[in-house]
Amino acid sequence: MIQILSRYGVLFILTLLVLTAMSFSLVYLFPGDVLENLTGIVPQNEIQREALMRQFRLDQPYIVQFFYYLSSLLQGDWGYSLASGLPLREEIGIAMPATIELSAYAMLMALFVGIPLGYYAGLKSYSTTDHTINALSITTYSFPVFWLALILILFFSLHLDIAPLSGRISLLFDIKPVTGFVLIDIMLAEGIDHGLAYRDAISHLALPTVAIGAITTASMVRITRRSVIDVIHRPYIVAARSRGVSEWQIFFRHVLRNALLPILPLMAIQITTLITNAMIVETLFSWPGIGSWLIQAIYQRDFPALRVGMLAVSTLVITLTIMVDLFNRIIDPSREKYERATV
Amino acid sequence: MPMLDIKNLTLEMVDGDTTIKALDKVNLTVNTGEIRALVGESGSGKSLIVSAICGALPSQWRMTADRMSWNGENLLSMSKYQRREVMRRDIAVVFQNPQTSLDPSATLGEQLEESIPDEFVEGYWFWQRAQHRKRIAISTVHKVGIKQHKHYLNAYPHQIPSDIGQKFMIAMALVSQPKLLIADDPTRGMEPTTKTQILKLFTRLNQTRSLSILFVSHDLLAIASMSHSMTVLYAGQTVESGKMKHIKKRPLHPYTKALLDSAPSFRKDLPPKSQLPTLGGSIPTLQHLPIGCRLGPRCPRAQRACVSRPAVRYIHDHTYNCHFPLHMEKL
Ligand SMILES: Nc1ncnc2c1ncn2[C@@H]1O[C@H](COP(=O)(O)OP(=O)(O)OP(=O)(O)O)[C@@H](O)[C@H]1O
Ligand code: SF4
Ligand SMILES: [Mg+2]
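Criteria and cut-off values
- Residues numbered from 1 in each chain as written.
- Chains lettered and ligands numbered in written order.
- Predicted model: local features only at pLDDT ≥ 70, side-chain atom pairs only at ≥ 80, totals over all residues.
- Heavy atoms only, no water.
- Contact = heavy atoms within 4.5 Å.
- Buried area = accessible area lost by both parts, 1.4 Å probe.
- Salt bridge = Lys/Arg side-chain N within 4 Å of Asp/Glu carboxyl O.
- Polar contact = N/O pair within 3.5 Å; in protein donor to acceptor, adjacent residues only side chain to side chain.
- Helix = DSSP H or I, 4+ residues; strand = E, 2+ residues; numbered from the N terminus.
- Nonpolar A, V, L, I, M, F, W, Y, C, P; charged D, E, K, R; others polar.
- Donors = N, O, S within 2.8 Å, 3.2 Å for Na, K, Ca; no water.
- Buried < 20%, exposed > 50% of the residue type's maximum accessible area, 1.4 Å probe, protein only.
- Near = heavy atom within 4 Å.
- Areas by Shrake-Rupley, 256 points an atom, 1.4 Å probe, with all protein chains shown as cover.
- pLDDT = per-residue confidence, 0-100.
- Domains from an automatic or database assignment.
- Pairing = 2+ DSSP bridges.
- Right-handed = clockwise from strand over helix to strand, strands pointing away.
- Patch = residues over 30% accessible without salt bridge, like charges linked within 9 Å, V, L, I, M, F, W, Y side chains within 5 Å.
- Core = buried A, V, L, I, M, F, W, Y, C linked by side-chain atoms within 4.5 Å.
- Phe/Tyr/Trp six-rings, centres within 6.5 Å; stacked < 30°, edge-to-face > 60°.
- Lys NZ or Arg CZ within 6 Å of the ring centre and 35° of its normal.

Caption draft 1: Spatial organisation of the interface of chain B and chain A. Taken together, the contact pairs 21 residues of chain B with 20 residues of chain A. A combined buried area of about 1800 Å² lies between chain B and chain A, and 55% of that area is made up of carbon and sulfur atoms. For chain B, the biggest contributors to the area lost against chain A are B:Arg84, B:Ser105 and B:Glu114; these three give 33% of the whole. Inspection of the region where chain B meets chain A yields 3 salt bridges. Taking the shortest distance from any N to any O, the salt bridge between A:Arg253 and B:Glu114 comes out at 3.3 Å. Our count for the chain B to chain A interface comes out at 9 residue pairs in polar contact (both at pLDDT 80 or more). Counting only elements with at least two residues in the side of chain B that touches chain A, the list comes to helix 2 (80-90) and helix 3 (108-114) of chain B. Residues that form the side of chain B that touches chain A fall into these classes: 10 nonpolar, 6 polar and 5 charged.

See below:
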């Protein structure tokens, strides 16, 4: 157990180091002057230039610069946004939870709708119900996410007018970002009508969640169905049946767990797609998450924001992926103890 | 009346535009209290018969049979529920491949306890029942010769050596105290001492509990010493069937004779270092089966009549499928 944890720990740290190196090198890859990109200040004369160079360690070798970057990241000094002048850590600290919240609900939707549907389709494999579910999921899966989001806006916001067009919560509610998760913050907020606030927040959440969740749900259905069909034809299921074990017991004791095991690693892959989709949908719904924040940074050529933002998003993805894999390793007895960790 | 009675069991699979007949009118009976051996080369369809009996055939096979009955009840027309009851209480199977027949994500103990019929478990509260289940599991495991029950009951299938897996499958079959045990190659690859242990266990259960056994194996020597009767299969056709001692003394079918001759320990008169007599060629593949008697191309006694399928013939309870059996010497 300790060994598994330490393996995953080492993998995690190494991956982060590589990512940090990549984000560090971005400064040199952006077009234009390195110093200007990094500081946003156009030096008026050589003396000022010298001073800035020294302040940002640009006069030193790359390796020293990198360790300076790393240590300031670790100390919580992530630099300042060129556009707003605010500390990046604060900005990301507000934008990131909004994205995580949206993705989490979409993932929950995929888990609680996709997996049961997949089990049902798999158990009834090659029946009409199964074909219907499968066809629907393939169709949904093939939708481009932005198109789906636009259709939802067109239909529910503009046509039926039952859901708001954009944003996270109506400005009438004065909610301080404590955790960054709007549903939790409403609970913590004082002096507002909680019921109304929840209704408003959920109506804001519904469309983007569905837009992101639909595609992940569809692929969850397909993965689960495939896995269940695979498991119910295994010899041990046949053997259990020939011992007279009832169908219910076979499902709960043998099919359920064995079909779930191959789903988990595939879920880790889904996380990447999910967060990418979330970032696309955010911009369409003006959801104040990391996706729309990064798009803004690109428009404004806010290079410090871009490089830290990119690092933050990839750290999130890597963390989730490794956690799912670790969880899978812990619950799956047949995976060898000394198998190597992978991303 | 035989306990298990199968008549003219045929299994077909559609493969493109041809139908493959993997089993062609197979007859098999197991009487109460006997050990019946089912022998045949690899690929002759032994495991298919076993799957057909327990209703575990993959869906691509089309099965037809004139009769397939268990204690006089027709297995083919039974409801799903009745069939499951028969499999749960009366018939137990040890499949050929123990490692894939065990759920990789559950411990051996869990899987063994699951096979214990509820009627056997005493106790009112669930913990009493769980304890009793555990006791039954441990004693069954001891019976098949696994001593470290603590270690193996908590192990997962990938953590155990294959002979323990085989013994475990036998334990799972025996725990429901069946009337008929179907064992498909249960001793394959076992060490001689372990094998003797298992064969002794089977013989003892047969004598003390009058457990009937259908024993599927390649191991002629083991079979000959323990079983009462034998059915010989060749390329999906039954060739000969009868009491062990009759067949051993005087086989009627050319294939049975060749099979017995190829096992040197059956022949006391064999001069040292002489070549063993065998049939030329090898067992045909399912795609290229000869018509009529499937032994035809390899048979030293084959004649023109052999292109039509020989019907079953009887001498008392000894049956054979051959136009020119060995006791008719008018070739
Ligand atoms: N699912 C299947 N699809 C196609 N052919 C099959 C299938 N299962 C079995 N067969 C074929 O049916 C024939 C009989 O197979 P079976 O497993 O019953 O042989 P066997 O007598 O048990 O051999 P062994 O002694 O090696 O176990 C073989 O030729 C095999 O190739
Ligand atoms: S029927 Fe003909 S080919 Fe078949 S075993 Fe008898 S003699 Fe040989
Ligand atoms: Mg076999």
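Caption draft 2: How the structure looks around the coordination of the magnesium ion (ligand 3). Residues and elements named next belong to chain B. Here the magnesium ion (ligand 3) is held by the protein donor atoms Ser47 (OG) and Gln96 (OE1), which lie 1.8 to 2.1 Å from it. Within this pair, whereas Ser47 is found in helix 1 (residues 46-53), its partner Gln96 is found in the loop between strand 7 (91-94) and helix 3, the two being separated by 49 residues in sequence. The class of Ser47 is partly exposed, set by a relative accessible area of 26%.

Caption draft 3: Quick peek at the site of ligand 1. Residue and element names in this part refer to chain B. Surrounding ligand 1, one finds 14 residues, the nearest of these being Ser42, Gly43, Lys46, Ser47 and Gln96. Within the backbone of Gly45, a nitrogen or oxygen atom sits 3.1 Å from an oxygen atom of ligand 1. A distance of 3.0 Å separates an oxygen atom of ligand 1 from a polar backbone atom of Leu48. In isolation ligand 1 offers 630 Å² of accessible surface; the protein chains occlude 66% of this area. Take the shell around ligand 1: its biggest share by element is 3 residues, from helix 1. Taken together, the residues that form the shell around ligand 1 break down as 4 nonpolar, 8 polar and 2 charged.

Caption draft 4: Expanded view of the confidence of the model for chain B. When pLDDT is averaged along chain B, the result is 86, and 95% of the positions lie at 70 or above. Averaged pLDDT values for the elements of chain B fall to 83 in helix 8 (residues 220-226) of chain B and rise to 93 in strand 9 (residues 212-216) of chain B.

Caption draft 5: Quick look at the domain arrangement of chain A. Residues and elements named next belong to chain A. Once the domains are mapped, chain A shows domain 1 (22-77) and domain 2 (98-335). Computed over C-alpha atoms only, the centres of domain 1 and domain 2 are separated by 39 Å. With 10 residues of domain 1 at the interface, the matching set in domain 2 holds 7 residues. Buried area between domain 1 and domain 2, summed over both chains or domains, comes out near 840 Å², and the portion from carbon and sulfur atoms is 75%. Inspection of the domain 1/domain 2 interface yields 0 salt bridges. The tally of links between domain 1 and domain 2 comes to 0 residue pairs in polar contact (both at pLDDT 80 or more). Those elements that provide at least two residues to the side of domain 1 that touches domain 2 are helix 1 (2-29), helix 2 (34-39) and helix 4 (62-74). Examining the composition of the side of domain 1 that touches domain 2, we find that 4 residues originate from one element, helix 1, more than from any other.

Caption draft 6: Fine view of the pairing of strand 9 of chain B. Residues and elements named next belong to chain B. When you tally the buried positions in strand 9, you get 5 out of 5 residues, the bulk of the element. In strand 9, alternate side chains face the same way, and those of Ser212, Leu214 and Val216 on one face and Ile213 and Phe215 on the other are all buried. Pairing analysis gives 4 bridges linking strand 3 (residues 35-39) to strand 9, with the strands arranged parallel. Paired with Ile35 across the strands is Ile213, a residue of strand 9. Where strand 8 (residues 180-184) lies against strand 9, 5 bridges are found, and the strand directions are parallel. Bridge pairing in strand 9 links Leu180 to Ser212. Once you follow strand 8 into helix 7 (residues 192-208) and on to strand 9, the crossover reads as right-handed.

Caption draft 7: Looking closely at a nonpolar patch on the surface. All names here are of chain A. A surface patch of nonpolar side chains, amounting to about 740 Å² of accessible area, comprises Phe146, Trp147, Leu150, Ile151, Leu154, Leu158, Leu165 and Ile280. If one sorts the elements of the nonpolar patch by residue count, helix 7 (residues 145-159) sits on top with 6 residues. Along the polypeptide, Trp147 turns up in helix 7.

Caption draft 8: Structural detail: the nonpolar core. A:Ile186, A:Val255, A:Ile290 and A:Trp293 are the most contacted members of the largest nonpolar core, which totals 85 residues. Of all the elements, helix 11 (residues 247-285) of chain A adds the most residues to this core, at 15 residues. Of the domains in this structure, domain 1 (22-77) and domain 2 (98-335) of chain A are the two that each give at least three residues to this core. In contact with A:Ile290, not counting residues within four places along its chain, are A:Ile92, A:Ala95, A:Met96, A:Thr99, A:Met279, A:Glu282 and A:Val313. In this structure, B:Leu102, B:Ile213, B:Phe215 and B:Ala224 belong to the second largest nonpolar core, which totals 61 residues.

Caption draft 9: Here's a closer look at the packing of aromatic side chains. All names here are of chain A. With the rule as written, the count across this model stands at 15 aromatic pairs over all chains. These aromatic residues form a ring-pair network of at least three members: Phe24, Tyr28, Tyr62, Phe66, Phe67 and Tyr69. A cation sits over an aromatic face here: Arg222 above Tyr141, 5.3 Å from the ring centre. Between the NZ or CZ atom of Arg307 and the centre of the ring of Tyr69, over which it lies, the distance is 4.0 Å.

Caption draft 10: Up close: the domain arrangement of chain B. Residues and elements named next belong to chain B. When its domains are assigned, chain B resolves into domain 1 (1-90 + 178-279) and domain 2 (105-177). With centres defined by C-alpha atoms, the gap from domain 1 to domain 2 works out at 27 Å. A combined buried area of about 1400 Å² lies between domain 1 and domain 2, and 57% of that area is made up of carbon and sulfur atoms. If you sort the residues of domain 1 by the area they bury against domain 2, Arg88, Arg89 and Pro178 come out on top, with a joint share of 35%. Scanning the region where domain 1 abuts domain 2 turns up 2 salt bridges. Between Glu119 and Arg88 there is a salt bridge, with the nearest N and O atoms lying 3.1 Å from each other. The interface formed by domain 1 and domain 2 contains 4 residue pairs in polar contact (both at pLDDT 80 or more). Elements represented by at least two residues in the side of domain 1 that touches domain 2 include exactly helix 2 and helix 7. Among the elements that take part in the side of domain 1 that touches domain 2, helix 7 stands out by supplying 6 residues, more than any other. Tallied by class, residues from the side of domain 1 that touches domain 2 come to 9 nonpolar, 3 polar and 6 charged.

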